[in-house]
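# Reading the structure
The lines below spell out each chain.
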Amino acid sequence: MWTTTRPALLRFAIVAAPALACWLAPAAVHAAELGDNIWIPMVDPEKGAEETFALNTLGLIREGDGADADWRISRGKYRESVSRHDFFITVGRPDLARQESSRQSAHTALVVGGVAGIIVGALVEGATVSKGGWDPPWPVGIGLMAGGLIAYWVSDVFEGPDLKVDEADSLVRRYNERLLERLKPSERENRIQAVQRLELAPWIAPGSGGLALGARF
């Protein structure tokens, strides 16, 4: 049977591998892109664009080495901590924020369920070996403790961010570039805006007339 199915399995693997790569690649690229509705703060009139920009730039802090390193986000020159959920909302990615919430919920449920299974299993096993009273079968307690340990161990899969550190770094960089564009327009744009504020208005006085150049602020 193996000799007849092996060529078919090989052909399936050859076809499925590129298809899977093509399916996963756009998702990985899309994860590092800004969303349509990113959060941009208003310029504080008392602080100006420079200070507003300095207080709202994002920073990424790596915790470890390699592509699978953990990471966290800070905001502004005082490096205020930002949750990963709020970070994803800031860069306009509510889809990633939902994924983050789901992972955290799964992690919490597995930890709580695992600990509960270990405790209940220990109590059941204690009742099994004690004399008198309830005498459950010994496999019940062992099964509960084993299930609890497995659930607690599996919870590590959902701990930490799902987004790779390089993808998060790309989001931070692109957000800061967009923030700079919005809060601190280029010199050329400033000149264009200044020209757009200028307007000509005719004026007439006894014995004379002309055009006056005015500006709107």
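Above this text is the structure in question.
Residues numbered from 1 in each chain as written. Predicted model: local features only at pLDDT ≥ 70, side-chain atom pairs only at ≥ 80, totals over all residues. Heavy atoms only, no water.

### Some words on the sheet that holds strand β3 (residues 80-82)
Taken together, three strands build an open sheet; the order of strands is β1-β2-β3 and the sheet is antiparallel. With partners counted over all chains shown, the strands left at the sheet margins are β1 (58-63) and β3, one partner each. Across the sheet, the axes of successive neighbouring strands diverge by a mean angle of 40 degrees, strand direction being ignored. (Pairing = 2+ DSSP bridges. Helix = DSSP H or I, 4+ residues; strand = E, 2+ residues; numbered from the N terminus. Axes fitted to C-alpha atoms, helices over the stretch in contact; angles between N-to-C directions.)

### Some details on the packing of helix α4 (residues 94-129) against helix α5 (residues 138-154)
Viewed as axis vectors pointing N to C, α4 and α5 meet at an angle of 160 degrees, and their least axial separation amounts to 7 Å. Classed by the angle they form, the pair α4 and α5 counts as roughly antiparallel. Where α4 crosses over α5, the two elements pack in a sense that is left-handed. Facing L110, V111, G114, V115, G117, I118, V120, G121, A122, V124, E125 and T128 of α4, the residues of α5 in contact are W138, V140, G141, I142, L144, M145, G148, L149, A151, Y152 and V154. For the contact of α4 with α5, a count of residues per class yields 16 nonpolar, six polar and one charged. (Parallel < 35°, antiparallel > 145°, perpendicular 65-115°, else oblique. Left-handed = near helix turned anticlockwise from the far one by under 90°. Contact = heavy atoms within 4.5 Å. Nonpolar A, V, L, I, M, F, W, Y, C, P; charged D, E, K, R; others polar.)

### A short note on the pairing of strand β2 (residues 70-75)
With six bridges connecting them, β1 and β2 associate as antiparallel partners. Directly across from L60, in β2, lies its bridge partner I73. Between β1 and β2, which pair antiparallel and follow one another directly, the connecting turn spans six residues, one of which, G64, has a positive phi of 125 degrees. Inspection of the sheet shows β2 paired to β3 by three bridges, in the antiparallel sense.

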